[in-house]
Each structure stands twice: as structure tokens, then as C-alpha cells.
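# Chains, contacts and geometry: an overview
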Amino acid sequence: MKKNVDPFVHSREITEALPSGILLTAAAEGRVNTMTIGWGALGTDWGKPMFMALVRESRFTRELLDKNPEFTVNVPYGEFDKRILGFCGSKSGRDVDKIKELGLTLVDSEIVSVPGIKELPLTLECRVAARQRQEPALICEQFRKAYYPAPEDAHIMYFGEIVNTYIIS
Ligand SMILES: Cc1cc2nc3c(=O)[nH]c(=O)nc-3n(C[C@H](O)[C@H](O)[C@H](O)COP(=O)(O)O)c2cc1C
């Protein structure tokens, strides 16, 4: 069952969960993959509710997003197994089927083609409205040195228009 909610009413749960990790799920060519993200922003762009995720060039997720520009954001709501975030934040979908390995329960989305995940039930369905590669040269020295020792592995900012938000039960 899905209970529709307003993403901004749940902005606190979303933004407070981010530093320890939430999931971003992508799918293309019959493959569903999820990865842990710790950076992101909930806000308004182009007059629409938007979730902006930062996905490095090297991620398998980035390949899927470029093939099918839709994703779901999967936020913990209540108790959940925290090992999910460690596993999905250290293994690549190139090497392992993380969904299968963890036994995660996929739930069909209503608008986008990418499913949600029952175990992290606060769900944002997003359609990529814009993507932008970060330019390391334009990032302040402190963060450039800390996060971009390899400038070719920059983050891509994916601005996902939030087209549906609900809690799966
Ligand atoms: C807590 C945590 C937060 C993370 N945040 C991000 C992030 O915001 N962007 C990113 O590109 N990688 C982030 N990662 C790393 C990816 O989750 C990790 O490289 C993952 O294996 C990529 O999976 P994929 O290759 O299947 O896409 C994070 C990892 C952890 C543990």
C-alpha cells in the first residue's frame, strides 16, 4: 500500500537521513540497481519540486541514469537494517546484484519506470529534468583537494523533478 505525502512536509526526514545515507535507485535495459547517497538537496527549481543528487562519473548508477533518466529516492522511515546502506555504498552493481543479494523488496512505481524499495519506504519518484557535470576547477580549494584528487571522476548533478511522493507500507 502507498500513502501519498507532500515531500516538503517530510523534508526533515529526508535531509536528516542524508548524511548517514539514503538510496537512489535506477534501472535500464532490464537491470535495477541501487546505491547509497549521502549528498543531495530537496528544493524547488524551474518552479517544480526537485531532488538534486550528486553521482560520480564512475558509478554504475550513472550509466543507468544516462540510459534511462528516471530514478527513485528511497528514504528510511522507521526501523530498517542499517547494513543495507553499507552494502549499497560499497558494492557496485557492475559486480553484484545488490537487490537480490540483500533480498530487497521492489515495489512498482506509479509514474516512473524505476521501482521503489519497501525496506526504505519514504519514496520520491523523480524524472531527470537536467544534469550538469561539476567543474572541479570551479570548486573551492578545500573541497577540490579533499574530494577531487582525480578530476575526471567528478560528480554529475542530477536534478530530478519529484513527480510522486509516498510511504510504502
Ligand atoms: C554513506 C555513503 C554515502 C555515499 N554518498 C554518495 C554520493 O552522494 N554520491 C556518490 O556518487 N557516491 C556515494 N557513495 C558511494 C556509492 O554509494 C558507492 O560507490 C556505490 O558502490 C556505487 O554503486 P554503483 O556502482 O552500483 O552505482 C556513498 C557511500 C556511502 C557509504
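Scroll up to find the structure.
So, how was this worked out
- Residues numbered from 1 in each chain as written.
- Predicted model: local features only at pLDDT ≥ 70, side-chain atom pairs only at ≥ 80, totals over all residues.
- Helix = DSSP H or I, 4+ residues; strand = E, 2+ residues; numbered from the N terminus.
- Rg over C-alpha atoms; globule rule 2.2 N^0.38 Å.
- Buried ≥ 20, exposed ≤ 12 C-beta atoms within 10 Å, placed from the backbone.
- Contact = placed C-beta atoms within 7 Å.
- Near = placed C-beta within 6 Å.
- Nonpolar A, V, L, I, M, F, W, Y, C, P; charged D, E, K, R; others polar.
- Arc of directions from axis to C-beta.
- Core = buried A, V, L, I, M, F, W, Y, C linked by C-beta atoms within 7 Å.
- Pairing = 2+ DSSP bridges.

### Some thoughts on the overall build of the protein chain
Scanning the protein chain from terminus to terminus reveals five helices and 10 strands. Relative to the 2.2 N^0.38 estimate, which gives 15 Å for 169 residues, the radius of gyration of the protein chain is 15 Å and therefore close to what a compact globule would have. Dimensions along the principal axes, computed over C-alpha positions, put the protein chain at roughly 45 × 40 × 30 Å. Buried positions account for 32% of the 169 residues belonging to the protein chain. A fraction of 74% describes how many contacts in the protein chain between residues 6 or more apart in sequence connect residues 24 or more apart.

### A closer look at the site of the ligand
The environment of the ligand is made up of 20 residues, and the closest members are G38, T61, G89, S92 and G93. Elements with a contribution of two residues or more to the shell around the ligand: β3 (31-37), β5 (48-56) and α2 (60-67). In terms of residue count, the dominant contributor to the shell around the ligand is β3 (four residues). The class makeup of the residues in the shell around the ligand is seven nonpolar, nine polar and four charged.

### Here's the deal with α2
Looking at α2, one finds that the buried residues are T61, L64 and L65. Down the axis of α2, the sector holding all buried residues measures 100°, keeping them to one side.

### Details of the nonpolar core
In terms of nonpolar packing, the biggest core is built from 32 residues, with L23, L24, A26, F51, F71, V73 and C126 touching the most fellow members. Secondary structure elements with two or more residues in this core: β2 (22-28), β3, β5, α2, β6 (70-75), α3 (83-88), β9 (122-133) and β10 (155-168). Apart from residues lying up to four places away in sequence, L24 is in contact with T34, M35, I37, A53, T61, F71 and V73.

### Examining the environment of E119
Within the fold, E119 resides in the loop between β8 (116-117) and β9. Along the primary structure E119 and V75 are separated by 44 residues, whereas in three dimensions their C-alpha atoms are 8.9 Å apart.

### With respect to the pairing of β5
By the bridge criterion, six bridges tie strand β4 (residues 40-45) to β5 in an arrangement that is antiparallel. Residue L42 lies in a different strand from β5, and its bridge partner there is F51. Across seven bridges, the pairing between β5 and β10 is antiparallel. Bridging from a neighbouring strand, R56 pairs with H155 of β10.

### What about unusual backbone geometry?
We note that E29 has phi near 50°; this positive angle belongs to a residue other than glycine. Position of E29 among the secondary structure elements: in the loop between β2 and β3. Of the residues examined, E29 has 8 C-beta atoms within 10 Å and is grouped as exposed.

### Remarks on the pairing of β2
Most of β2 sits inside the fold, with six of its seven residues counted as buried. When β2 meets β3, the two strands line up antiparallel, connected through seven bridges. The partner of I22 across the bridge, within β3, is I37. Following β2, the chain reverses through two residues before pairing antiparallel with β3; E29 in that reversal takes a positive phi of roughly 50°. Where β2 and β6 come together, three bridges link them in antiparallel fashion. When the sheet's bridge partners are listed, L24 is paired in β6 with V73.

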